[in-house]
Amino acid sequence: MLLARGHGAIAHMDGFDPATSFGPDVAARYDNVLRGDEEQAVAFLAERAGAGPALELAVGTGRIALPLAATGIQVDGIEQSAAMAAVLAGKPGGSQVAVTMGDMSRADAPGGPYELVYLVYNTIGNLLTQDDQVRCFSNAARHLSPSGTFVVETGTGWGWFSGRTSYVDAEQVSARAVVLDVNRFDPASQILEENHVHISAEGIRMDPIAQRVAPPGELDLMARIAGLQLTERYGWWDGRPFEASCPSHVSVYRRPTAEPEAE
Ligand SMILES: C[S@@+](CC[C@H](N)C(=O)[O-])C[C@H]1O[C@@H](n2cnc3c(N)ncnc32)[C@H](O)[C@@H]1O
């Protein structure tokens, strides 16, 4: 599929449509296996949200938004998948999260300005062009109060391939089933094509995703274009230092504060 022209056409995984990739099947099983970072992520985000309100870009089924709202902060969301939003709306407290349906790089959430806007779980990469990722930073900045904070949590990409452009990881192995994580990365387009292949006696199921992997420094420049600057960066939600070995980073962006006038 051709996504963009400019510095050459950008292609990604044959048969994969980012606009429909979180459809009813994925939404129905999304919360079956949680990522496990929910408690730490909510603590980190609540500390930066102050009295709120907060806005989650790509809010999904409310995995983070609902426990964050349970701390007493108003949390709104932007989401493009009707199926994911429907799962959120059906959960206890789900009706309290106002979800604007649309593309997180363009949609307007009406409940701002927000003290906190956040985008987690590698989801900046779901925007498959640099233009859309830049637009997403600008959209986040546009929703922030003057003192507001934009938090991005995503993979660095740099440790994943160890010089290879494709690999298969045995993600789960048991006597009855295996899950193979099949990856191919094109450094020229920065597109990672990934398919989680579930093989069991019941059959074979594919969970494909395509991501545009932008390293931390590129995200920092996107923030600058949006009028923000990096103010904190950690290797994970627990505040560990960000180092070369970190597979992910949690980055915090704010508007620059005016320098005091020199006497
Ligand atoms: C990995 S899930 C993350 C959901 C939630 N943030 C979480 O942490 O559980 C990715 C979500 O991003 C949504 N999404 C992908 N691209 C989007 C876009 N351009 N605009 C809005 N939502 C998008 C998908 O529909 C899906 O709900």
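Residues numbered from 1 in each chain as written. Predicted model: local features only at pLDDT ≥ 70, side-chain atom pairs only at ≥ 80, totals over all residues.

Participant: How would you explain the sheet that holds strand β7 (residues 177-186) if you had to name every residue and give the values?
Facilitator: Within a beta sheet, neighbouring strands are joined by backbone hydrogen bonds and run either parallel or antiparallel to one another. In space, the 4 strands of this open sheet follow the order β6-β7-β8-β9, with antiparallel pairing throughout. Pairing within the sheet leaves two strands with one partner each, and these edge strands are β6 (166-173) and β9 (203-212). On average, each strand axis in the sheet is inclined to that of its neighbour by 15 degrees, with strand direction left out of account. Relative to β9, strand β8 (residues 191-200) runs antiparallel, the two being bridged by 10 bridges. When the sheet's bridge partners are listed, His196 is paired in β9 with Asp207. (Pairing = 2+ DSSP bridges. Helix = DSSP H or I, 4+ residues; strand = E, 2+ residues; numbered from the N terminus. Axes fitted to C-alpha atoms, helices over the stretch in contact; angles between N-to-C directions.)

Participant: I'd like a description of the sheet that holds strand β10 (residues 229-234), backed by residues and values.
Facilitator: The sheet built from 7 strands is open, its strands ordered β3-β2-β1-β4-β5-β11-β10 with mixed pairing. At either end of the open sheet lies a strand with only one pairing partner, and these are β3 (99-101) and β10. Strand-to-strand, the axes of this sheet are offset by a mean angle of 20 degrees, without reference to chain direction. The pairing of strand β1 (residues 54-57) with strand β4 (residues 114-119) spans 3 bridges and is parallel. Bridge assignment links Ala54 to a residue of β4, and that residue is Leu116.

Participant: Before we move on, can you summarise the domain arrangement of the chain with the specific residues and values?
Facilitator: Along its sequence, the chain is carved into domain 1 (18-158 + 214-254) and domain 2 (166-209). One C-alpha centre belongs to domain 1, the other to domain 2, and the line joining them spans 25 Å. (Domains from an automatic or database assignment.)

Participant: Let's hear about the site of the ligand: which residues, and what values?
Facilitator: Near the ligand there are 19 residues, and of these Phe22, Ala58, Gly60, Arg63 and Ser81 occur at the shortest range. In the shell around the ligand, the residues fall into 10 nonpolar, 6 polar and 3 charged. (Near = placed C-beta within 6 Å. Nonpolar A, V, L, I, M, F, W, Y, C, P; charged D, E, K, R; others polar.)

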